[in-house]
Amino acid sequence: MNSSLTSIASSARERADGLGLLALRLFVAQEFFQAGLMKVSAGLTAPEWFAGLDFPPMLAWLGPDLNWVAAGLGEVVLGAAIGLGLMSRLAALGLMFITWVAVYTVHFDLGWAGWNQIETEGGLGFKVPLMLGLMCLAILTQGAGRFSLDAWLCGRQVRRHHDTPGAIQTHP
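Everything quoted here is computed from the prediction, not taken from an experiment.

Asks: What should I look at first to understand the overall build of the chain in this one?
Replies: In terms of helices and strands, the chain carries eight helices and zero strands. Taken across its 172 residues, the chain has 32% of its residues classed as buried. Accessible surface for the chain amounts to roughly 10,900 Å². Of this, 66% is attributable to carbon and sulfur atoms.

Asks: Explain the packing of aromatic side chains here, please?
Replies: A ring pair, where both rings are aromatic, is described by two values, the distance of the centres and the angle of the planes. Summed over the entire model, instances satisfying the criterion amount to six aromatic pairs. Grouping aromatic residues by their ring pairs yields a cluster made of Trp49, Phe50, Phe55 and Trp68.

Asks: Which parts of the structure should I look at to understand the pattern of salt bridges?
Replies: Two side chains with opposite charge may pair up if their charged atoms get near one another. Scanning the model with the defined rule gives one salt bridge in all. Among the ionic pairs, Lys39 bridges to Glu75, the shortest N-O distance being 2.9 Å. Pair noted here: Lys39 is in helix H2 (residues 19–41) and Glu75 is in helix H5 (residues 63–84), with a separation of 36 residues, a long-range link. Assigned by exposure class, Lys39 and Glu75 land together as buried.

Rules of the game
- Position labels on residues start from 1 in each chain and follow its written sequence.
- pLDDT decides what is reported in this predicted model: residues at 70 or higher carry local features, side-chain atom pairs at 80 or more are listed and counted, and totals for whole chains, interfaces and linings draw on all residues regardless.
- With hydrogens and water set aside, each side-chain value is computed from the structure's full complement of heavy atoms.
- Every helix listed is a DSSP run of H or I at least four residues long, and every strand listed is a run of E at least two residues long, numbered separately from the N terminus.
- Exposure classes here rest on a 1.4 Å probe applied to the protein chains alone. A residue is buried below 20% of its type maximum, exposed above 50%, and partly exposed in between.
- For accessible areas, the Shrake-Rupley method is used with a probe of radius 1.4 Å. Any residue's cover is judged against the shown protein chains and nothing else.
- Between the rings of Phe, Tyr and Trp (Trp by its six-membered ring), a pair exists once the centres lie within 6.5 Å; its type follows the angle of the planes, with under 30 degrees stacked, over 60 edge-to-face, and the other angles tilted.
- Salt bridges are identified by distance alone: a Lys or Arg side-chain nitrogen within 4 Å of an Asp or Glu carboxyl oxygen.

Read these as spatial facts, not as claims about activity.
In structure tokens, the structure reads:
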């Protein structure tokens with residue numbers, strides 16, 4: 001009886017493996033994709049509130065308009081990549097950088113606003129961007145998981161190596 005319960009639990013764990021990372025990726029993807037789409041659909045000129053921000057020195061030379069477009073396109077492209085699970089670690093690293101810039105320029109001075117204060121007159125504090133950054137850190141360190149294009153492509157590559165005589169075997 002005990003071994004059958006262990007077998008059932010093991011089977012359930014095996015089938016659920018990767019679902020948590022999938023859910024995390026989809027949440028992160030929609031947050032960044034939506035934010036990027038808002039920027040991209042607003043046009044190539046940064047709004048007044050964005051143009052008045054103090055960017056980190058490494059980005060200040062780009063000017064507000066190029067920073068606006070780069071942030072918007074980065075959030076759309078990298079958000080889509082995270083959602084699909086394509087080059088997920090690189091996409092997560094890029095989104096962590098975008099989040100750091102957002103916290104540096106906008107969110108940190110607004111304080112620790114929580115979920116109940118997202119739509120304040122002053123804007124959004126750094127609690128939610130910090131959580132998104134930590135979610136990206138999880139994807140960066142754990143990968144995209146089983147339900148991703150990364151896993152599918154890696155599986156194809158490993159299978160291709162198995163079919164090649166004398167190929168060096170690697171593990172994903």
